[in-house]
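A closer look at the structure
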Amino acid sequence: MRLLFAVNSQGNINKKQADDFEQKSATIFGCRVERAQLTDMGAMLDLWRVTPGLGVGKGDDQDALKVFMERNPSTCLILRIDEGLIGTVLGGFDGRRGYIYHLAVHPDYQGKGYGQVLLNQVISELKSRGALKIHLFVFNDNQPATEFYHHQGWELRHDIQVFSWDATRDHK
């Protein structure tokens, strides 16, 4: 059964079975949050490439995205207006923590509440899978994203640093 999500007049998200949703897709924001499908990957990658402050790098190709989406089907979400894809978020759960990647809203639609809709839905889905703590990563120079997450009540951590390992490099 495919689930769809819609924003109601109070800004809350309602889960609907796809059959029930078809007749009730109009919302206050005029948007639908849906589980991302493999057929959405091209549009998702295109959106990420035009979204300032969002990095597209190793691991952001169709093969890697397919694996991620198959492992996390309920937390990989897209936002549509009519049939156009205007937003994405990828949520991952490792059994202990939730992680959010690529929360992106097309630049023409930013500042209108769509990012908050996606963020709230992926948080809800991660919590339903058992995540008690959720992390996300923002580039240091992405001030709009930093302000967005502060405004949503996220805490900027000063007690940890992020280290990365490039597994494609030869580390002899």
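For the structure itself, look to the data block above.
Just so you know, these numbers come straight off a predicted model, no measurement behind them. (Residues numbered from 1 in each chain as written. Predicted model: local features only at pLDDT ≥ 70, side-chain atom pairs only at ≥ 80, totals over all residues. Heavy atoms only, no water.)

Describing the overall build of the chain
Scanning the chain for helices and strands turns up five helices and seven strands. Counting from the amino terminus, the chain carries its helices and strands in the arrangement β-β-α-β-α-α-β-β-β-α-β-α. For the chain, with 172 residues in total, the buried portion stands at 38%. Sequence-distant contacts, at least 24 apart, represent 59% of the contacts inside the chain between residues at least 6 apart. By element, 48% of the accessible surface of the chain is carried by carbon and sulfur atoms, the whole surface being about 10600 Å². (Helix = DSSP H or I, 4+ residues; strand = E, 2+ residues; numbered from the N terminus. Buried < 20%, exposed > 50% of the residue type's maximum accessible area, 1.4 Å probe, protein only. Contact = heavy atoms within 4.5 Å. Areas by Shrake-Rupley, 256 points an atom, 1.4 Å probe, with all protein chains shown as cover.)

Notes on the environment of Phe68
Positionally, Phe68 belongs in helix 3 (residues 62-71). Each residue touching Phe68, except ones within four places of it in the same chain, is listed here: Cys76, Leu90, Gly91, Gly92 and Tyr101.

Let's talk about the environment of Gln152
Positionally, Gln152 belongs in the segment after helix 5 (143-151). Sequence separation between Gln152 and Asn120 is 32 residues; the distance between their C-alpha atoms is 9.4 Å. Discounting chain neighbours no more than four positions away, the residues touching Gln152 are Gln116 and Leu119.

Some points on the pattern of salt bridges
When the charged atoms of two side chains lie near each other, side chains of opposite charge can form a pair. Across all of its chains, the model carries eight salt bridges by this definition. One salt bridge connects Lys58 with Asp166, and the closest N-O pair in it is separated by 2.6 Å. Here Asp166 lies in the segment after helix 5 and Lys58 lies in the loop between helix 2 (41-50) and helix 3, a separation of 108 residues in the sequence. Each of the salt bridges in this network shares a partner with another, and the network as a whole consists of Arg32, Glu34, Asp40, Arg80 and Glu83. (Salt bridge = Lys/Arg side-chain N within 4 Å of Asp/Glu carboxyl O.)

Remember, this is a structural readout, not a statement about activity or role.
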